[in-house]
Amino acid sequence: MKPLLNITGLTMNFGGIRALDNLDLRVHEGQIVALIGPNGAGKTTFFNCLTGMYRPTAGDLLLTPPGKNTRRLNGLKPNKVTEQGLARTFQNIRLFPNMTVLENVMIGRHCRTRAKVLGALFRNPSTIREEQEIVALSLMILENMGLADMANEFAKNLPYGAQRRLEIGRALATDPLLLLLDEPAAGMNPQETGELEELITTIRDDGLSILLIEHDMKLVMNLSDYIFVLDYGKKIAEGTPEEIRNNPAVIKAYLGEDVEDA
């Protein structure tokens, strides 16, 4: 069976700097896959290539939805990548702070709406029904995120951990095939991280595939089915959490020394 996401030979140059070097990576349906590495390894550059923010220098970004033909994502704009089924969160939270929690999730649904400009202007019955459906779906997502009682709060007034969950909820509103999480535990305290781990597990158990960038190694090891490791833009290892935990190249990349010299 083809992987849901198959990336081959991904290379990204910025002038004379090679941020990603011939990277191969794959995610199968129903997996939680982690991409880890030291700061500056190229992880966020990888997400930016995958989501259309950067145009890769070389390589293929291939998405194969279940039961459908493979689609090439190279060169698509970010909104078109979202329409194809990839949704992401960001290392630095990007919410609409002066909009309500409910409105933030509803915006995520925009890529799936059918109403056109005239429908929005003249408020025809199909547009009204669609808006009602979006509200109902958004409230259901907030319930699953544990945020239903905050639906009418401004996003900026939410505690930090709740803002993180709200950003995940907005991504889920796009109805993705693959959820991309960029350091979702950054800045969280242990309790918030534990709640996040439960949430991500629930999302996967509901049938969604997840690709995760994260520095919290305990979280990565607890959640991941498979892990890829980057260092200076190159893949230096891949495997199960147990294999990665004991890989000398990974230990050296994080500790900066040979294992035998440690």
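Now for a description of the structure that goes with this document.

Quick notes on the rules
- Residues numbered from 1 in each chain as written.
- Predicted model: local features only at pLDDT ≥ 70, side-chain atom pairs only at ≥ 80, totals over all residues.
- Heavy atoms only, no water.
- 1 Å grid on protein atoms, 1.4 Å probe; cavity = no way out; pocket = protein on both sides within 12 Å on 5 of 7 lines; lining within 4 Å.
- Points joined across faces, edges and corners; volume = space filled by probe spheres on them.
- Helix = DSSP H or I, 4+ residues; strand = E, 2+ residues; numbered from the N terminus.
- Axes fitted to C-alpha atoms, helices over the stretch in contact; angles between N-to-C directions.
- Parallel < 35°, antiparallel > 145°, perpendicular 65-115°, else oblique.
- Left-handed = near helix turned anticlockwise from the far one by under 90°.
- Contact = heavy atoms within 4.5 Å.
- Nonpolar A, V, L, I, M, F, W, Y, C, P; charged D, E, K, R; others polar.
- Salt bridge = Lys/Arg side-chain N within 4 Å of Asp/Glu carboxyl O.
- Buried < 20%, exposed > 50% of the residue type's maximum accessible area, 1.4 Å probe, protein only.
- Pairing = 2+ DSSP bridges.
- Core = buried A, V, L, I, M, F, W, Y, C linked by side-chain atoms within 4.5 Å.

### Observations regarding empty space enclosed by the protein
So, point 1. For the structure shown, the criterion picks out 1 cavity of 30 Å³ or more.
So, point 2. In this structure, the largest cavity spans a volume of roughly 30 Å³.
So, point 3. In terms of lining, the largest cavity is formed by G161, R165, M188, E192, E195 and L196.
So, point 4. Mapped by element, the contributors of at least two residues to the lining of the largest cavity are helix 6 (160–172) and helix 7 (190–205).
So, point 5. Among the elements that take part in the lining of the largest cavity, helix 7 stands out by supplying 3 residues, more than any other.

### A look at the packing of helix 3 (residues 101–108) against helix 5 (residues 125–144)
So, point 1. Closest axis-to-axis distance for the helix 3/helix 5 pair is 9 Å, and the angle between their directions is 115°. As judged from the angle between their axes, helix 3 and helix 5 are roughly perpendicular. Taken as a pair, helix 3 and helix 5 cross one another with a handedness that is right-handed. Residues V101, L102, V105 and M106 of helix 3 form the contact with helix 5, whose participating residues are I134, V135, S138, L139, I141 and L142.
So, point 2. Tallied by class, residues from the contact of helix 3 with helix 5 come to 9 nonpolar, 1 polar and no charged.

### Examining the pattern of salt bridges
So, point 1. Across all of its chains, the model carries 12 salt bridges by this definition.
So, point 2. The partner of D60 in a salt bridge is R72, and the shortest N-O contact between them spans 2.5 Å. Placement of the pair is D60 in strand 4 (residues 58–63) and R72 in strand 5 (residues 71–72), with a sequence separation of 12 residues.
So, point 3. A salt bridge links R170 to E167; the shortest N-O distance between them is 3.8 Å. Here R170 and its partner E167 are both found in helix 6, 3 residues apart, which amounts to about one turn of the helix. The burial state of R170 is the same as that of E167; both residues are buried.

### Digging into the sheet that holds strand 5
So, point 1. Strand order in the open sheet formed by 4 strands is 2-1-4-5, with antiparallel pairing between adjacent strands. Every interior strand has two partners, whereas the edge strands, strand 2 (17–27) and strand 5, have only one.
So, point 2. Where helix 1 (residues 43–50) meets the sheet, it contacts strand 1 (5–14), strand 2 and strand 4, and its direction lies at approximately 110° from that of strand 1.

### Looking at the nonpolar core
So, point 1. Of all hydrophobic cores here, the largest spans 41 residues; its most connected members are L142, L166, I168, L179, I203, I227 and I244.
So, point 2. Not counting chain neighbours up to four residues away, the residues in contact with L179 comprise A87, I168, A171, L172, I203, L208, S209, I210 and L211.
So, point 3. One finds L20, A41, I213 and L230 within the second-largest nonpolar core, a separate group that totals 27 residues.

### Quick notes on the layout of surface pockets
So, point 1. In this model, the largest pocket occupies a volume close to 520 Å³.
So, point 2. Secondary-structure elements contributing two or more residues to the lining of the largest pocket are helix 2 (78–84), strand 6 (86–88), helix 3 and helix 6.
So, point 3. Per-element tally for the lining of the largest pocket: the top contributor is helix 2, with 4 residues.
So, point 4. Volume-wise, the second largest pocket comes out at about 450 Å³.

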